[in-house]
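Each chain, written out:
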Amino acid sequence: FYKIIFMNRVLFVCTANIHRSRFAEEVFNHFSEKNNKGATAFSAGLRVGDYNFRKIYHPALDNLEKFNILPKRAEELSVHIKNIDLDQFDRLICMDKNEHKPMIQSDSQLSAFKFEYWDITDMPKVDSNISLPKCYKQVEALWNQISSN
């Protein structure tokens, strides 16, 4: 029995796991596959609730198409953060500090982990055609940082 340890496993976290985090996951994995690196990403939501019956949201799919990225998990449903083992990830990244930090801090189980926070605001506050290209750039910067190590 062997335990395989992956370097640079990233978990992207948003609220429902249908929009921002799923987009970021697909972008990151696209970069990794394109560059033959062992880094990998997954995504989850803090308040999946009724969204656990939902797949990736169409504005995220539309923006992936604009970047010529074919999603690998387009048919998979949302995942709640408590349904995965957070210890298997090297980095935990919440998409929006103002929205997600209070959710993390109010949960004793999640607050035990070290989360990073980005500034990718969701609809309806910021349109997908603005927030997701911003997210793409941030994932690209993360990818460049990880792949240069």
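Data block above holds the structure.
Residues numbered from 1 in each chain as written. Predicted model: local features only at pLDDT ≥ 70, side-chain atom pairs only at ≥ 80, totals over all residues. Heavy atoms only, no water.

K.L.:
For this particular structure, what's the right way to read the overall build of the protein chain?
P.N.:
Of the regular secondary structure elements, the protein chain holds four helices and four strands. Listed N to C, the secondary structure of the protein chain is β-α-β-α-β-α-β-α in terms of helices and strands. Scaling as 2.2 N^0.38, a compact globule of 149 residues should have a C-alpha radius of gyration of about 15 Å, and the protein chain matches this with 14 Å. Expressed along its principal axes, the backbone C-alpha trace of the protein chain runs to roughly 45 × 40 × 25 Å. Burial statistics for the protein chain: of 149 residues in total, 46% are counted as buried. For the protein chain, contacts bridging at least 24 residues in sequence account for 76% of all contacts bridging at least 6. Total accessible area on the protein chain is roughly 8,500 Å²; 50% of this is exposed by carbon and sulfur atoms. (Helix = DSSP H or I, 4+ residues; strand = E, 2+ residues; numbered from the N terminus. Rg over C-alpha atoms; globule rule 2.2 N^0.38 Å. Buried < 20%, exposed > 50% of the residue type's maximum accessible area, 1.4 Å probe, protein only. Contact = heavy atoms within 4.5 Å. Areas by Shrake-Rupley, 256 points an atom, 1.4 Å probe, with all protein chains shown as cover.)

K.L.:
When you look at the packing of helix α2 (residues 58-66) against helix α4 (residues 128-147) in this model, what are you seeing that I'm missing?
P.N.:
In helix packing, the relevant descriptors are the interaxial angle and the interaxial distance, both defined with respect to the helix axes. Where α2 contacts α4, the axes come no closer than 10 Å and their chain directions differ by 55°. As judged from the angle between their axes, α2 and α4 are oblique. For the pair α2 and α4, the sense of crossing is right-handed. Counted together, P59, A60, N63 and K66 of α2 and S128, N129, L132 and P133 of α4 form the full contact between these two elements. Here the contact of α2 with α4 is composed, by residue class, of four nonpolar, three polar and one charged. (Axes fitted to C-alpha atoms, helices over the stretch in contact; angles between N-to-C directions. Parallel < 35°, antiparallel > 145°, perpendicular 65-115°, else oblique. Left-handed = near helix turned anticlockwise from the far one by under 90°. Nonpolar A, V, L, I, M, F, W, Y, C, P; charged D, E, K, R; others polar.)

K.L.:
What am I meant to see in α4 here?
P.N.:
Note that an α-helix has 3.6 residues per turn; residues three or four places apart therefore point the same way. For α4, spanning 20 residues, the distance from its first C-alpha to its last is 27 Å, which sits close to the expected 28 Å at 1.5 Å a residue. All buried positions along α4 are accounted for by S128, S131, L132, C135, Y136, V139, L142, W143 and I146. Angular distribution of buried residues about the axis of α4 spans 140°; they occupy a single face of the element. Looking at α4, the residues exposed on the side facing more than 90 degrees away from the buried face are I130 and K137. On its buried side, α4 packs onto β1 (9-14), α1 (20-34), α2 and β3 (91-94). Looking at where α4 begins, the residue whose side-chain oxygen comes 2.8 Å from the main-chain nitrogen of N129 is D127. (Expected span 1.5 Å × (residues − 1). Arc of directions from axis to C-beta. Polar contact = N/O pair within 3.5 Å; in protein donor to acceptor, adjacent residues only side chain to side chain.)

K.L.:
Sorry if this is basic, but what is going on with the environment of I69 here?
P.N.:
Along the chain, I69 turns up in the loop between α2 and β3. By relative accessible area, which is 5% here, I69 ends up buried. Setting aside anything within four residues of it in sequence, one finds I69 in contact with E26, V27, H30, L64 and Y136.

K.L.:
Please clarify how the pattern of salt bridges should be interpreted in this entry.
P.N.:
For side chains of opposite charge, pairing can occur when their charged atoms come near one another. Counting across every chain of the model gives ten salt bridges. Salt-bridge contacts for K82 lead to D107; the nearest nitrogen and oxygen are separated by 2.5 Å. Within this pair, whereas K82 is found in the loop between α2 and β3, its partner D107 is found in the loop between α3 (97-105) and β4 (115-117), the two being separated by 25 residues in sequence. Judged by its relative accessible area of 38%, K82 falls in the partly exposed class. By relative accessible area, D107 is classed as buried at 16%. (Salt bridge = Lys/Arg side-chain N within 4 Å of Asp/Glu carboxyl O.)

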